[in-house]
Each structure stands twice: as structure tokens, then as C-alpha cells.
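Architecture at a glance
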Amino acid sequence: MAAALTRLTKPASLAFSSVNIIRRCFSSAVAVSETNNAASYVPPFVLDSNRPRKDPKDRNVQWVFLGCPGVGKGTYASRLCNLLGVPHIATGDLVREELASSGPLSQQLSEIVNQGKLVSDEIIISLLSKRLEAGEAKGESGFILDGFPRTIQQAEILEGVTDIDLVVNLKLQEDILIDKCLGRRICSQCGGNFNVASINVKGENGKRGISMAPLLPPPHCMSKLITRSDDTEAVVKQRLRIYNEKSQPVEEFYRSQGKLLEFDLPGGIPESWPKLLQVLNLDDEEKQSAAA
Ligand SMILES: Nc1ncnc2c1ncn2[C@@H]1O[C@H](COP(=O)(O)OP(=O)(O)O)[C@@H](O)[C@H]1O
């Protein structure tokens, strides 16, 4: 375990979309997860040595989306990815894919995720490296990361292997976040993401009011809707506590580098999307093609 963790704390050696990838397998190693304190399987992860960083003009954007559970990182990150032609890489999706695969990690992951805890850095970096390696093989350039980094250690590892141009921090008040998580629905057939919550908070005591219409599925998805197993009230509250403890320092990490763009969501998608494009300085032509 110590050897694996030592490697993890040497950020410059971790691969990120690399040309010269060395795969090291630790499949027989046993580590203690920082977050669940239980003996656990450590998957293979990818290491890289001395990969040169690409000049920003020779690659696509490399952005990160931060924000509490339920804020809409996935929604806005995937829209921007369509607009900018970069992959949307959500570590939560990678975790759920691994869970569904019934591979060696799935039992361990299901316990961690359903308790609202964070998966260990070793596992997350392994899943992310695998995803980036597959993307590189397909010729992907740039990315928007959603749900990574979530700890200072993850942010330092990322910093050690690649340049992040911009970090968008989406913000909403906490009671709305809980309602939005509880209203989330996924179509088990097409994979579409919807939300049945209707948010209507009156402005009072200096707090601004906010309305968000539900994002309802088309009729053919209606009977196939499922809810994420970690979107229960108790687990959402636990995820919010963990966000405040472990992920909020990541905001400060990027704020101090002058890379953090704070974005208070003004409402649902029809109000927030054009404003987000405006603050990101994406021009009208791009706005129109995004709306199409
Ligand atoms: N970067 C990460 N580090 C550790 N655990 C992660 C990370 N990304 C996702 N996870 C795990 O996957 C779960 C779901 O993630 P995600 O879909 O991003 O949820 P959320 O709605 O809480 O933002 C998290 O609660 C956590 O257990």
C-alpha cells in the first residue's frame, strides 16, 4: 500500500492523456481507503514519465467544473462540450459504469457511493486514466472534467500532469440542491437525464428568489425512469457535508491561481445557459448553434 500511495503523491509521474504511457499494475495490492477505512482492492493505474505539456494553441480547452451535488455540473458541462467539441469526462459516470460492470471493484464502490462517501484517490485516478487513455487513442483533444478534482490531493495530482485553463464553479443555495437531487431521474433505456423537481423559492431576508421549471422526459421515457441509488435525502446531505469539507478547499486552490470563475445560477436552463455563455465570452454564433 505504501508503495502505491507514494506513487500517488508524486504527481509528475501520473499519466494524463499521455504519449508515453507506462502501465503499472497493482492489482494484487491491498490498500486502506482514506474514505471508507476498509481493506480494499487497488486497481491498476497508469503512470507516465516526463510527458511534455501541449501549448494551449495546439490543443482544445482543458476546463474543470466544480459545484455541489445537484447544482447541474453535468447538464452545463455536457452542453459546453457539445459546443466546443471536447469530451465531457464525469468521474461520477465512470464510477457508475464500473459499478454496473460487476467487475472486481463494483461491490466496494457500491458501498462507498451509497454511503455518500468519496471513492479513494487511487481508484478515481485509475478510472480517469483509463478513460483518458481511451480518448487519446481516438484522437481526442481537450476536455471538460466534471466531478474531478474533488480533493486537494486530486487537484495537486492534476496540476502535476496537465494545465487547466479555467475552472467554473457553479453555485446554488443548499435547500434547492437537495430538492434538485431528489428530483433527478434517468431514463433506463436512452440514458437521458431529467428532473421532476419544480423549484420556486421566494426572495426574502436579502436572499434572492429563484424558479426552475422541471426538465420533464418525453412521453416514451416516462415509464422507464429510474432514480440514482445515492439520491436519497440522507445520502445527499452526507454528500453535501463531504463537499463542504473536502471539495470546497479545491475552490480556494484554483481561486488563488486566478482560474476560478464563480457562477451563481440565476434560474433553470433557459435563464442560466445564455448567461453562462455570456460570462464565458462565447460568441453569438456559438450561442445560436448551441441552442439549435
Ligand atoms: N473525483 C472523485 N473522487 C472521489 N469520489 C468520486 C469522484 N467523482 C465521483 N466520485 C464518487 O461518485 C459519486 C457520484 O459522483 P457524481 O455523479 O459526481 O455525484 P454528485 O451528484 O454528488 O456531484 C460520488 O458521491 C463519489 O462517491
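Our structure's up above, just so we're on the same page.
The structure reproduced in this document is the subject of the present report. (Residues numbered from 1 in each chain as written. Predicted model: local features only at pLDDT ≥ 70, side-chain atom pairs only at ≥ 80, totals over all residues. Heavy atoms only, no water.)

Observations concerning the packing of aromatic side chains
Scanning all chains against the criterion turns up one aromatic pair. The cationic tip of arginine 79 hangs over the ring face of tryptophan 273; the distance from NZ or CZ to the ring centre is 5.3 Å. (Phe/Tyr/Trp six-rings, centres within 6.5 Å; stacked < 30°, edge-to-face > 60°. Lys NZ or Arg CZ within 6 Å of the ring centre and 35° of its normal.)

Side note on the site of the ligand
Around the ligand there are 18 residues in total, and Thr91, Arg96, Lys117, Gly147 and Arg239 lie nearest to it. Backbone polar atom of lysine 117 to an oxygen atom of the ligand: 2.6 Å apart, as the coordinates give it. Arginine 239 places a side-chain nitrogen or oxygen 3.0 Å from an oxygen atom of the ligand. Expressed as a share of its isolated accessible area of 550 Å², the protein-covered part of the ligand is 96%. Sorting elements by how many residues they give to the shell around the ligand places helix H3 (residues 91–100) first, with four residues. Considered class by class, the residues forming the shell around the ligand number seven nonpolar, four polar and seven charged. (Near = heavy atom within 4 Å. Polar contact = N/O pair within 3.5 Å; in protein donor to acceptor, adjacent residues only side chain to side chain. Areas by Shrake-Rupley, 256 points an atom, 1.4 Å probe, with all protein chains shown as cover. Helix = DSSP H or I, 4+ residues; strand = E, 2+ residues; numbered from the N terminus. Nonpolar A, V, L, I, M, F, W, Y, C, P; charged D, E, K, R; others polar.)

Section: the pattern of salt bridges
Two side chains of opposite charge can pair, provided their charged atoms sit close to one another. Enumeration over the complete set of coordinates arrives at 15 salt bridges. A salt bridge links glutamate 98 to lysine 130, with the nearest nitrogen and oxygen atoms 3.9 Å apart. In this pair, glutamate 98 is assigned in helix H3 and lysine 130 in helix H5 (residues 121–137), connecting sequence segments 32 residues apart. Its relative accessible area of 13% is what places glutamate 98 among the buried residues. On the basis of relative accessible area, lysine 130 is assigned to the partly exposed category, the value being 43%. The partner of lysine 138 in a salt bridge is glutamate 140, with the nearest N and O atoms 3.9 Å apart. Glutamate 140 gets classed as partly exposed once you look at its relative accessible area, which sits at 26%. (Salt bridge = Lys/Arg side-chain N within 4 Å of Asp/Glu carboxyl O. Buried < 20%, exposed > 50% of the residue type's maximum accessible area, 1.4 Å probe, protein only.)

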